[in-house]
Amino acid sequence: MTDAFRAAQPGRYAPRNMTTPSPRRAERKPPIRRSGFSPENVPDDIKLGIGELITQWSYVSFQIGVIIRVGFGLAPDTGFALLSTTDVQPLCRALRTLAGSDKWIPAAALREELKQLADDVQRKKDRRHDFAHGVFGLAKSKDGRAVFVRYRFGDVRERRKSLASEIVTTDLLRDLADEAYDLGRRAQDLTVHLKALKRS
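Cut-off values and rules
Residues numbered from 1 in each chain as written. Predicted model: local features only at pLDDT ≥ 70, side-chain atom pairs only at ≥ 80, totals over all residues. Heavy atoms only, no water. Helix = DSSP H or I, 4+ residues; strand = E, 2+ residues; numbered from the N terminus. Buried < 20%, exposed > 50% of the residue type's maximum accessible area, 1.4 Å probe, protein only. Contact = heavy atoms within 4.5 Å. Areas by Shrake-Rupley, 256 points an atom, 1.4 Å probe, with all protein chains shown as cover. Pairing = 2+ DSSP bridges. Axes fitted to C-alpha atoms, helices over the stretch in contact; angles between N-to-C directions. Expected span 1.5 Å × (residues − 1). Bend = angle between axes of the 7 residues up to and from the residue. Phe/Tyr/Trp six-rings, centres within 6.5 Å; stacked < 30°, edge-to-face > 60°. Salt bridge = Lys/Arg side-chain N within 4 Å of Asp/Glu carboxyl O.

### Details of the overall build of the protein chain
Helix and strand counts for the protein chain come out as eight helices and three strands. For the protein chain, the N- to C-terminal ordering of α and β elements is α-α-α-α-α-α-β-β-α-β-α. Taken over 200 residues, the protein chain has a buried fraction of 30%. Long-range contacts, defined as pairs at least 24 residues apart, comprise 57% of the intrachain contacts of the protein chain with a sequence gap of at least 6. When the accessible surface of the protein chain is split by element, carbon and sulfur atoms take 53% of a total near 13,100 Å².

### Description of the sheet that holds strand E3 (residues 164-167)
Spatial ordering of the open sheet is given by E1-E2-E3, a layout of three strands whose pairing is antiparallel. The strands lining the two open edges of the sheet, one partner per strand, are strand E1 (136-140) and E3. The sheet shows a mean angle of 55° between the axes of neighbouring strands, direction not considered. Of the strand pairs in this sheet, E1 and strand E2 (residues 146-152) are connected by five bridges, and their pairing is antiparallel. Residue pairing in the sheet places leucine 138 in a bridge with phenylalanine 148 of E2.

### Considering helix H6 (residues 108-132)
Under the 1.5 Å per step criterion, the end-to-end length of H6 is 35 Å for 25 residues, consistent within 8% with the ideal 36 Å. Taken as a whole, H6 carries its principal kink of about 35° at lysine 124. Here the buried face of H6 lies against helix H3 (44-72), helix H5 (88-99), E1, E2, E3 and helix H8 (170-199).

### Description of the packing of aromatic side chains
Enumeration over the complete set of coordinates arrives at four aromatic pairs. Plain terms: the ring middles of phenylalanine 136 and phenylalanine 148 are 5.3 Å apart, the flat faces sit at 15° to each other, and that makes the pair stacked. Taken together, the residues phenylalanine 136 in strand E1 and phenylalanine 148 in strand E2 connect sequence positions twelve residues apart. Taking the relative accessible area as the measure of exposure, phenylalanine 136 reaches 19% and is therefore buried. Ring pairs connect the aromatic residues Phe131, Phe136 and Phe148, which therefore count as one cluster.

### Focus: the pattern of salt bridges
Inspection of the entire model under this criterion finds eleven salt bridges. Of the charged contacts, one joins arginine 123 and aspartate 120 as a salt bridge, the two residues approaching to 3.0 Å between their closest N and O atoms. With arginine 123 and aspartate 120 both in helix H6 and three residues apart, the pair spans about one turn of that helix. Looking at arginine 123, the relative accessible area reads 56%, which means it is exposed. Close ionic contact of arginine 174 with aspartate 171 constitutes a salt bridge, the shortest N to O distance being 2.8 Å. Of this pair, arginine 174 and aspartate 171 are both found in helix H8, three residues apart, which corresponds to roughly one turn of the helix. Through salt bridges that share partners, Arg127, Asp130, Arg150 and Glu166 make up one connected network.

### Points about the environment of threonine 170
Considering the arrangement of structural elements, one finds threonine 170 in helix H8. The partly exposed category is assigned to threonine 170, whose relative accessible area is 26%. Put simply, threonine 170 and proline 43 are 127 residues apart on the chain and 9.8 Å apart in space, counted from C-alpha to C-alpha. In this view, threonine 170 contacts Asp45 and Ile46; residues no more than four positions away in its chain are not counted.

### Describing H8
The end-to-end C-alpha distance of H8, which contains 30 residues, comes to 43 Å, matching closely the 44 Å that a straight helix rising 1.5 Å per residue would cover. When H8 is considered as a whole, its buried residues turn out to be Leu173, Leu176, Ala177, Ala180, Leu183, Gly184, Ala187, Leu190, Thr191 and Leu194. In the core, the buried residues of H8 are packed alongside H3 and H6.

Shown next as structure tokens:
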């Protein structure tokens, strides 16, 4: 894309500050049902935090897929075709299968690290699902302030409690995104080690 082409369409290709409302957002109609909660009630920094969390987890899934492809000796296009729509849980199962035998990975230490990665991802993946598929709303805090919450229906189903909720803050989302980032970096480092092993 040439600079002349960009200049001919001012504003379209300029970077936009995600914290400022887009022109289209200003044109949106108000919610039909005013129940006290709508997507417009969610602060932008919360939306950005949820987006970052989901993005970091997408990279975790992608990198585990790379490990599986390299470990089993699949061509890149074949690996992508087989794994691109696979959820986190079956990816972890495939990773454990890969790490369960020296047929594919002769280095015992690397196999143990891959098993540990699968266990850690399996243990933490639900926090990604909490926000990617959560039910949100507004509630009152102990001091009477309106706070953004995620409702915890699992607590009701599993423990027969009344409906519980979790207050969602930017700090919480940042911590969860950092955890996912760390998992992604571990997966990336293990991919490098695995590729070096396959080349040797």
